[in-house]
Amino acid sequence: MSITLYLPKDAASLALGADRVAKALGRAAAARGLDVTLVRTGSRGLLWLEPLLEVATPAGRIAYGPVRPGDIESLLDAGLAEGGAHRLRIGRPEEHPYLARQQRLTFGRCGIVDPASVEDYRAHGGYRGLEAALAAGPAGIVEAVKSSGLRGRGGAGFPTGIKWNTVMLAAADQKYVVCNADEGDSGTFADRMLMEGDPLTLIEGMTIAAVAVGATRGYIYCRSEYPHAFAALNTAIAAAERAGTLGADVMGSGRAFHLEARLGAGAYICGEETSLLESLEGKRGIVRAKPPIPALKGLFGQPTLVNNVLSFAAVPWILEHGGPAYAAYGMGRSLGTLPIQLAGNVRRGGLIETAFGLTLREVIEEIGGGTASGRPVRAVQVGGPLGAYFPESLFDTPLDYEAFAAKKGLLGHGGIVVFDDTVDLARQARFAFEFCAAESCGKCTPCRIGAVRGLETIDKVIAGESPRENLALVTDLCEVMTDGSLCAMGGLTPVPVMSALTHFPEDFSGRGARLPLAAE
Amino acid sequence: MPGRDLGQASACEPWDAERAAGIIAGHARREGATLPILHALQETFGYVDAEAVPLIAEALNLSRAEIHGCLTFYHDFRSEPAGRHIVKLCRAEACQAVGADALHAEVLARYDVAWHGTSRDGQVTVEPVFCLGLCACGPAALVDGEPVGRLDLDTLADALTERAA
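Please read these numbers as outputs of a predicted model, since none were measured by experiment.

J.: Hey, could you run me through the UniProt feature "binding site: [2Fe-2S] cluster" (unreviewed entry) in chain B in this one?
T.: Residues and elements named next belong to chain B. Residues annotated by UniProt as "binding site: [2Fe-2S] cluster" (unreviewed entry) correspond here to Cys90, Cys95, Cys131 and Cys135. Spanning 46 residues, the annotated positions come together in the fold, the maximum distance between their C-alpha atoms being 9.3 Å. Mapped onto the elements, cysteine 131 comes out in the loop between β2 (124–129) and β3 (141–143). Taking the relative accessible area as the measure of exposure, cysteine 131 reaches 1% and is therefore buried.

The structure is reproduced here in structure tokens:
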């Protein structure tokens, strides 16, 4: 009898032993003479259940997790092939409460398809967006993106359609489409999951963008901390070229789009779009002053469309279903879906794609089940290392760009990092400066010098040295960095620092030198 | 696969200027070739030798200062060989939330190294990294390019043993 099994090769699943499970499965199948086909997928994003093993049955896929190598024999004994009962049996994944309440538009195929297979991609609805785009033409595509209300999912939230329109209208012999896949924010992993689990959706989105703006060349700048995503991109690009959906003649349309994945080299600042362009040009990743904006003068001085992974990946769905269908999700001016990444000290961490508007409390308590340590939640940092630390009193804030800005926070890339009551916010504020000092590109003084001075001054506070005066100095310094920095790195470092100071002042006062500092 | 820092350092070739020149020539016509070249050299030799700088500068018609500036700007590139195994430990907030700082102090003490240092027996180089995208299963690490989640001293030792096998 032939059995089809699905097991992720997503980096998080690998980190939790998926390859060891695959090996154990191979050995057990050989010993029992079973005919097993193992499809390596991405992850569905229920990360506390990884490695999640699924089996194809007449009633749909049945999942088991978290599976360890030692569980394979008992799973086979329990009738894994028929979806038999076992203590690890989850049932149909889509009926799991974690997934059932989600609205998966961008991540609809992630964890389901073989990421390297164009056939599988098509069988699950892939390329319908590109077909619609080729029929609609550049102006039609831009109109669809505008009417969807899509805002850049990289963090700044700029309206995507307006950016696309600018590049479309720019006159040049050569234009570029560049994907910013340098998601370096702690607590975010949606880009990585999508690139590993469904890279063809990103590639399709970029191809649609290329048709819209008239670009024939494109780059995906992928951070080097994601070696598995980089490998998955290269595999998928080669597969798309073989299938004729990418390359000299995209789907027989006569339009060319050549796409290449490039590897970054460990610099957080290259997630800033102008630094990224410098890096792609082979230079130090130093921020460029704007204007000119990259849409008019970007890569090698040519008009360049730069978007984040999730922005491009939202586009195939929008073209297939229409802009208004996408805009029907969300709240206020935050339309469509937001891939939320729940991480840190949380019981059920993972990827949650749903319309904007859930509150932090719903995500942390209802979906995440509170902390993994079982201790009370004390703080959450939303939006990466440049995002604010929120106390429990702000947990009813809805996930919406404007609602977060109103509380002096930022939604950023949708990463939520949970801390229990053992967290020390003075130390987290110190880390924010330390990180900025390590990762500043050095071009502007507030960021380059300010971060170092901030670190020194916070250390004095922690040591109990004139805390009131030194905190006043930190506050003043933060104002200079906010107002005077050239880009978001220096400009937003004050956000975690000041939020920690504002909401958790007790961590900054009167405790002398008892705080152990991070190992240097 | 260009530029993947996945291989064990022990699998690297000794520095050879002629071999390096060949690698550089293979990438020189690409747009913005500097990073792909530096990655390819490091993948081959385990580090980027100072002798590579004038070779790249000449091939790309750039100044030595430009290449040196690029080489030293990015955290990934090493100017001397690393140990047999490279352990990258995530120091970012999500891992901090599950005790990474204390664990890192233990790891550095266990292998008697500072950040970026190599253990005296040449077996392990420990490097800091900011976010591996394994934020829901931290503390996280990359051991010779392979991800490890829910890291502690034992799982790290196991991963190193597995990589050595």
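There's more to say after this.
J.: So what exactly am I meant to see when it comes to the pattern of salt bridges here?
T.: Side chains carrying opposite charge are able to pair once their charged atoms draw close together. Residue and element names in this part refer to chain A. All chains considered together, the criterion is met by 42 salt bridges over all chains. In this structure, aspartate 182 engages arginine 223 in a salt bridge whose closest nitrogen and oxygen atoms are separated by 3.4 Å. Of the two residues, aspartate 182 is situated in the loop between β6 (176–181) and α8 (190–197) and arginine 223 in the loop between β7 (217–222) and α10 (227–243); the sequence distance between them amounts to 41 residues. Exposure remark for arginine 223: the relative accessible area of 4% places this residue in the buried category.

J.: Quick question: what am I supposed to make of the interface of chain B and chain A here?
T.: How big an interface is tends to be expressed through the accessible area that disappears when the partners come together. On the chain A side, the residues contacting the 48 residues of chain B number 69 residues. Taking both sides of the interface into account, the surface hidden between chain B and chain A amounts to around 4,300 Å²; carbon and sulfur atoms contribute 57%. Among the residues of chain B in contact with chain A, Glu31, Phe73 and Glu93 of chain B are the three that bury the most area, contributing 17% of the side total. Seen at the junction of chain B and chain A, the total is five salt bridges. Residue arginine 20 of chain A pairs with glutamate 162 of chain B through a salt bridge whose shortest N-O separation is 3.6 Å. Between the two partners, chain B and chain A, sit 29 residue pairs in polar contact (both at pLDDT 80 or more). Counting only elements with at least two residues in the side of chain B that touches chain A, the list comes to α2 (34–45), α4 (64–73), α5 (93–96), α6 (100–110) and β4 (146–148) of chain B. Looking at the side of chain B that touches chain A, its residues break down into 27 nonpolar, 11 polar and 10 charged.

J.: Sorry, what's going on with the packing of aromatic side chains here?
T.: Aromatic ring pairs are defined here through the distance separating the ring centres and the angle between the ring planes. Overall, the coordinates contain 17 aromatic pairs over all chains when judged by the stated rule. Taking the centre distance of 5.0 Å and the plane angle of 80 degrees together, the rings of tyrosine 121 of chain A and tyrosine 127 of chain A count as edge-to-face. Here tyrosine 121 of chain A and tyrosine 127 of chain A have matching classes, each one buried. Both rings, one in tyrosine 74 of chain B and one in phenylalanine 77 of chain B, keep their centres 6.3 Å apart while their planes meet at 80 degrees; by these two values the pair is edge-to-face. Its relative accessible area of 10% is what places phenylalanine 77 of chain B among the buried residues. Between arginine 61 of chain A and the ring centre of tyrosine 6 of chain A, over which it is positioned, the NZ or CZ distance is 3.4 Å.

J.: How do you make sense of a negative patch on the surface when you look at a structure like this?
T.: On the surface, a cluster of negative charge is made up of Glu106, Asp152, Asp154 and Asp158 of chain B. Considering the arrangement of structural elements, one finds aspartate 158 of chain B in helix α7 (residues 153–164).

J.: Honestly, the side chain of arginine 109 of chain A in this entry has me stumped. Any pointers?
T.: Residues and elements named next belong to chain A. Positionally, arginine 109 belongs in the loop between α4 (97–100) and α5 (118–123). At 3.0 Å, the side chain of arginine 109 and the side chain of threonine 201 are in polar contact. Residues in contact with arginine 109, not counting those within four places in the same chain, are Tyr121, His124, Gly125, Gly126, Asp198 and Thr201.

J.: Would you mind showing me how to read the domain arrangement of chain B here?
T.: Taken domain by domain, chain B comprises domain 1 (17–73) and domain 2 (85–163). Placing the centre of domain 1 of chain B and that of domain 2 of chain B at their C-alpha centroids yields a distance of 29 Å.

J.: What exactly am I supposed to notice about the sheet that holds β6 of chain A here?
T.: The strands that make up a sheet pair up through hydrogen bonds in the backbone, lying either parallel or antiparallel. Residue and element names in this part refer to chain A. Read from one edge of the open sheet, four strands run β8-β7-β6-β9, paired in parallel fashion. Whereas interior strands pair on both sides, the edge strands pair on one side only; in this sheet they are β8 (258–263) and β9 (304–308). Taken pair by pair, the neighbouring strands of this sheet meet at an average axis angle of 20 degrees, ignoring direction.

J.: Where do I start with helix α16 (residues 425–439) of chain A in this structure?
T.: Residues spaced three or four apart along an α-helix face the same direction, because each turn holds 3.6 residues. All names here are of chain A. The first and last C-alpha atoms of α16 sit 21 Å apart over 15 residues, in line with the 21 Å expected at 1.5 Å per residue. Within α16, burial applies to Leu425, Ala426, Gln428, Ala429, Arg430, Phe431, Ala432, Phe433, Glu434, Phe435, Cys436 and Glu439. Its side-chain oxygen placed 2.9 Å from the backbone nitrogen of alanine 426, aspartate 424 serves as the N-cap of α16.

J.: Would you take a moment to explain unusual backbone geometry for this structure?
T.: Among all residues save glycine, negative phi is the norm, and among peptide bonds the norm is trans. That bond from glycine 65 of chain A to proline 66 of chain A is cis: its omega, -10 degrees, falls within 30 degrees of zero. Relative to the helices and strands, proline 66 of chain A resides in the loop between β4 (60–64) and α3 (72–77). Non-glycine residue serine 466 of chain A carries a positive phi angle of around 35 degrees. Mapped onto the elements, serine 466 of chain A comes out in the loop between α17 (445–462) and α18 (467–484). One non-glycine residue, histidine 116 of chain B, lies in the positive phi region at around 75 degrees. The residue histidine 116 of chain B is located in the loop between α6 and β2 in this model.

J.: Would you mind going over the environment of valine 363 of chain A with me for this structure?
T.: Residues and elements named next belong to chain A. Take valine 363: it is sitting in helix α14 (residues 360–367). A relative accessible area of 0% places valine 363 in the buried class. Apart from the residues lying within four places of it in its own chain, the contact partners of valine 363 are Ile340, Leu342, Ile352, Leu358, Gly368, Leu399 and Ile416.

J.: When you look at the domain arrangement of chain A in this model, what are you seeing that I'm missing?
T.: Residues and elements named next belong to chain A. Assigned domains within chain A: domain 1 (3–101), domain 2 (118–328), domain 3 (330–420) and domain 4 (425–508). Across the domain 3 to domain 4 interface the summed buried area is about 1,200 Å²; carbon plus sulfur atoms make up 70%. It is Arg378, Leu386 and Tyr389 in domain 3 that bury the most area against domain 4; as a group they hold 58% of the surface buried on that side. Joining domain 3 to domain 4, the criterion identifies two salt bridges. Put simply, arginine 378 and aspartate 507 hold a salt bridge, and the shortest N to O gap is 2.9 Å. If you look at where domain 3 meets domain 4, you find four residue pairs in polar contact (both at pLDDT 80 or more). When contributions to the side of domain 3 that touches domain 4 are tallied by element, the ones reaching two or more residues are β14 (377–382) and β15 (389–391). Tallied by class, the residues present in the side of domain 3 that touches domain 4 amount to 10 nonpolar, two polar and two charged.

J.: Would you explain the side chain of histidine 413 of chain A in this entry?
T.: All names here are of chain A. Inspection of the secondary structure puts histidine 413 in the loop between α15 (401–406) and β16 (415–420). Residue classification places histidine 413 among the buried positions, given a relative accessible area of 3%. Here arginine 153 takes part through its backbone oxygen, which lies 2.8 Å from a polar atom of the side chain of histidine 413. Of the polar contacts made by the side chain of histidine 413, one reaches the side chain of aspartate 191; its length is 2.9 Å. The contacts of histidine 413, once residues within four sequence positions are left out, are Arg153, Gly154, Gly155, Glu183, Asp185, Thr188, Asp191, Asn308, Leu310, Pro339 and Gln341.

What counts, and where the lines are drawn
Residues numbered from 1 in each chain as written. Chains lettered and ligands numbered in written order. Predicted model: local features only at pLDDT ≥ 70, side-chain atom pairs only at ≥ 80, totals over all residues. Heavy atoms only, no water. UniProt positions renumbered as here; feature names shortened; annotations may be inferred. Helix = DSSP H or I, 4+ residues; strand = E, 2+ residues; numbered from the N terminus. Buried < 20%, exposed > 50% of the residue type's maximum accessible area, 1.4 Å probe, protein only. Salt bridge = Lys/Arg side-chain N within 4 Å of Asp/Glu carboxyl O. Contact = heavy atoms within 4.5 Å. Buried area = accessible area lost by both parts, 1.4 Å probe. Polar contact = N/O pair within 3.5 Å; in protein donor to acceptor, adjacent residues only side chain to side chain. Nonpolar A, V, L, I, M, F, W, Y, C, P; charged D, E, K, R; others polar. Phe/Tyr/Trp six-rings, centres within 6.5 Å; stacked < 30°, edge-to-face > 60°. Lys NZ or Arg CZ within 6 Å of the ring centre and 35° of its normal. Patch = residues over 30% accessible without salt bridge, like charges linked within 9 Å, V, L, I, M, F, W, Y side chains within 5 Å. Areas by Shrake-Rupley, 256 points an atom, 1.4 Å probe, with all protein chains shown as cover. Lys, Arg positive; Asp, Glu negative; His and termini not counted. Charge placed at Lys NZ, Arg CZ, Asp CG, Glu CD. Domains from an automatic or database assignment. Pairing = 2+ DSSP bridges. Axes fitted to C-alpha atoms, helices over the stretch in contact; angles between N-to-C directions. Expected span 1.5 Å × (residues − 1).

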